[in-house]
Amino acid sequence: MSQKIRANAQAREAMAKAIKNAKRKFDAQNKGGKLSFEHEARFALEAAGRNPKLLECDMDTVTDSIANLAAMQLSLNPAGQQAALIPRWNSKKGCMDCTASPQYRGLMKLATDTGLVNNITAEVVFECEEDTFDVDLGSNPYLHHKPKLFAGEAERKIDLVHLDVNKAIGCYCIAHLKNSDKPHITVMDLQEILSVAGASEAFRPRKPDQAPRGPWVTWPGEMIKKAVIRRATKQWPLSDDAGYQRLLTAVEIDNTAEANEQRAEVRADQVEAEMGEPMSKDQVETIKDLCKQQDLAPSEVFQNYAVNSLAKIPAKYYEEIELKLFNRLKKWNAQQRTKAEVSDA
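Asks: A description of the confidence of the model for the chain should follow, citing residues and the corresponding values.
Replies: Residues of the chain with pLDDT of at least 70 account for 90%, and the chain-wide mean is 84. The element-level mean pLDDT for the chain is lowest in helix H10 (residues 268-275), coming to 43, with strand S6 (residues 168-177) highest at 95. Contacts for the low-pLDDT stretch residues 262-275, under 50 throughout, to residues beyond four places or in other chains number 27 contacts.

Asks: Outline helix H13 (residues 318-344), supporting the account with residue identities and numerical values.
Replies: The end-to-end C-alpha distance of H13, which contains 27 residues, comes to 39 Å, matching closely the 39 Å that a straight helix rising 1.5 Å per residue would cover. Among the residues of H13, those classed as buried are Tyr318, Ile321, Leu325 and Leu329.

Asks: Before we move on, could you go through the pattern of salt bridges and cite the residues and values that matter?
Replies: Pairs can form between side chains of opposite charge once their charged atoms are near each other. Per the counting criterion, the structure on display carries 10 salt bridges. Across the salt bridge formed by Lys288 and Glu285, the nearest N and O atoms sit 3.9 Å from each other. Pair noted here: Lys288 and Glu285 are both in helix H11 (residues 281-293), with a separation of three residues, about one helical turn. Given a relative accessible area of 39%, Lys288 falls into the partly exposed group. The partly exposed category is assigned to Glu285, whose relative accessible area is 47%.

Asks: Would you mind going over the nonpolar core in detail, with residue names and values included?
Replies: Counting residues in each nonpolar core, the largest one holds 65 residues, and the members touching the most others are Met15, Ile120, Leu160, Trp216, Ile229 and Trp236. Contact partners of Trp216, with chain neighbours within four places excluded, come to Leu160, Ile193, Val196, Ala197, Ser200, Phe203, Met223, Ile224 and Ala227. Counting 14 residues, the second-largest nonpolar core is a separate cluster that includes Met279, Cys291, Ile321 and Leu325.

Asks: So what about the packing of H11 against H13? Which residues, and what values?
Replies: Contact pair H11 / H13: the axes reach a minimum separation of 9 Å and the direction vectors enclose 20°. In terms of axis orientation, H11 runs roughly parallel to H13. The hand of the H11/H13 crossing is left-handed. Residue-level contacts link Gln283, Thr286, Ile287, Leu290, Cys291 and Gln293 of H11 to Tyr318, Ile321, Glu322, Leu325, Phe326, Leu329 and Trp332 of H13.

Each value, and the rule that gives it
- Sequence positions are assigned chain by chain, starting from 1 and proceeding in written order.
- It should be noted that, the model being predicted, local features are given only for residues of pLDDT at least 70 and side-chain atom pairs only at 80 or more, the latter also being counted only at that level, while totals for whole chains, interfaces and linings use all residues.
- Note that the side-chain values use all heavy atoms of the structure and ignore hydrogens as well as water.
- The score called pLDDT rates the predictor's confidence residue by residue, from a low of 0 to a high of 100.
- Note on conventions: DSSP H or I runs of at least 4 residues are helices, E runs of at least 2 residues are strands, and numbering of each starts at the N terminus.
- Whether two residues are in contact is decided by their heavy atoms: any pair within 4.5 Å suffices.
- Given the number of residues in a helix, its expected span is that number minus one, multiplied by 1.5 Å.
- Remark: exposure states derive from per-residue accessible area (1.4 Å probe, protein chains only) relative to the maximum for the residue type, with buried under 20%, exposed over 50%, and partly exposed in between.
- Whenever Lys or Arg places a side-chain nitrogen within 4 Å of a carboxyl oxygen from Asp or Glu, that contact is recorded as a salt bridge.
- Note on terminology: a nonpolar core comprises buried Ala, Val, Leu, Ile, Met, Phe, Trp, Tyr and Cys residues joined through side-chain atoms within 4.5 Å.
- Axis definition: a line fit to C-alpha positions, over the contact stretch in the case of helices; interaxial angles, taken between N-to-C directions, run 0 to 180 degrees.
- Here the angle decides the label: under 35 degrees means roughly parallel, over 145 means roughly antiparallel, 65 to 115 means roughly perpendicular, and every other value means oblique.
- Crossing handedness is read from the near helix: turned anticlockwise from the far helix by less than a right angle, it gives a left-handed crossing, and turned clockwise, a right-handed one.

This is the structure we're talking about:
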């Protein structure tokens, strides 16, 4: 078995353990038992198979994310598209954090579950539909949107990074509230959408050599709809209903995850300065070779220094690591000789 395959297997085992550790918190939050822990555990492991970055996350955040699913009452079942596990880089900790992020369909489900909303919809509006889009937010709110049938892919292109090819011009959310004969309408134009996306340092990194990344790049349509739904919820009547509280919990979890990502990215330069220059390529190769000689995964080394690779370990720790690995190699060799002698006997 190659070292890479072994490391991947160890990471999957660690994630499975982290998920298992979430069961007690999950059961405590799973009011009414609507979600199955066994099913969500399986969906989480399947998600890691589709997105290996989840295996690099702080496993404590994986445990918290599984428990948060129960708090939100949203499932990871990909068929339902209610929630997803998203890996987010935390520069302060030097590793990835896993967050249970509600998707726009999940927010719509929670909205109708409150009993305050009879039905809700969210859509993106494109340039080719501008002439057939009309909205009035006065005392008699009204919205008319006639999508262009059979519009080509180019006409429905959503790209918030390359605006020259982007065709989205806005979005809206219509909610029909209980005890109200008028629709509640929330509209956002492209500039407002870009402002929300721009608050994410992943989408708008501070360093000029970093390309935009994250869900606003990968799933822009989903994120746009989620943004307008989140804005709409702020204007709905308050309630002590348990369903409404779950909706607020989902929005708060999503807000906190994005805020943590922003704070972490803002501190990136400061953290790098505090850590000093990383190890040189030769030093990294020496550490790798020492690890290989004693069948040790490099992750067992760099995780002790709150980074996600050997190349990011500060050079000031090189001699300390080298000495520890030399001592460990001596013990490992002695153990191998003992095993060989026992086997021969």
